[in-house]
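Structural features, examined
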Amino acid sequence: WCIPRPSTSDQMLMDNINYACTVVDCSVIQEGGACFYPSNLLNHASVAMNLYYQKQGRHSWNCDFKKSGVVVVTDPSEYPSATDTNGQQHTHHQ
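Attention in this report is confined to the structure presented alongside it. Everything quoted here is computed from the prediction, not taken from an experiment.

Further remarks concern the overall build of the protein chain. Check the secondary structure of the protein chain and you find two helices and two strands. Shown N-terminal to C-terminal, the secondary structure of the protein chain runs as helices and strands in the order β-α-α-β. Here the protein chain holds 94 residues, and the buried ones make up 39% of them. When the accessible surface of the protein chain is summed, it comes to about 5700 Å², and 52% of that surface belongs to carbon and sulfur atoms.

Next up on the list: the state of the cysteines. As enumerated under the stated definition, the model contains two disulfides in all. Residue pairing for Cys2: its cysteine sulfur links by disulfide to Cys63, the two sulfurs lying 2.0 Å apart. With the S-S bond torsion at 90 degrees, the cross-link from Cys2 to Cys63 turns out right-handed. Residue Cys2 is located in strand E1 (residues 2-4), and its partner Cys63 is located in the loop between helix H2 (41-56) and strand E2 (69-71); the two are separated by 61 residues in the primary sequence. The class of Cys63 is buried, set by a relative accessible area of 2%.

This part covers the packing of helix H1 (residues 10-20) against H2. A packed helix pair is summarised by two numbers, namely the angle formed by the two axes and the spacing between the axes. Where H1 contacts H2, the two axes come as close as 9 Å, and the packing angle between them is 35 degrees. The handedness of the crossing between H1 and H2 comes out as left-handed. Touching Asp10, Leu13, Met14, Asn16, Ile17, Tyr19 and Ala20 of H1 are Leu41, Leu42, His44, Ala45, Ala48, Met49 and Tyr52, all from H2. Taken together, the residues of the contact of H1 with H2 sort by class into 11 nonpolar, two polar and one charged.

What counts and how
- Residues numbered from 1 in each chain as written.
- Predicted model: local features only at pLDDT ≥ 70, side-chain atom pairs only at ≥ 80, totals over all residues.
- Heavy atoms only, no water.
- Helix = DSSP H or I, 4+ residues; strand = E, 2+ residues; numbered from the N terminus.
- Buried < 20%, exposed > 50% of the residue type's maximum accessible area, 1.4 Å probe, protein only.
- Areas by Shrake-Rupley, 256 points an atom, 1.4 Å probe, with all protein chains shown as cover.
- Disulfide = S-S within 2.5 Å.
- Axes fitted to C-alpha atoms, helices over the stretch in contact; angles between N-to-C directions.
- Left-handed = near helix turned anticlockwise from the far one by under 90°.
- Contact = heavy atoms within 4.5 Å.
- Nonpolar A, V, L, I, M, F, W, Y, C, P; charged D, E, K, R; others polar.

And the structure:
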């Protein structure tokens with residue numbers, strides 16, 4: 001999984017979302033999408049960056065995002081649990 005580094009600024013998170021979503025379908029992070037909640041920049045950037053990383057071939061350079069991305073081996077949607085407003089668990093698969 002490719003996720004943003006914890007120190008990533010809000011502006012860089014937004015830039016990463018905008019860039020990744022020019023290559024991948026980011027409808028899952030739009031309102032009504034499966035990964036909209038929790039609705040915050042960090043969550044949305046994590047989903048968009050990982051979708052991009054997966055689509056581009058899962059190479060370390062596909063998760064660089066100007067040094068703001070990091071590859072992790074544990075599913076980030078499980079820690080902490082990503083739940084929607086109905087309390088349903090969401091898992092993002094590789």
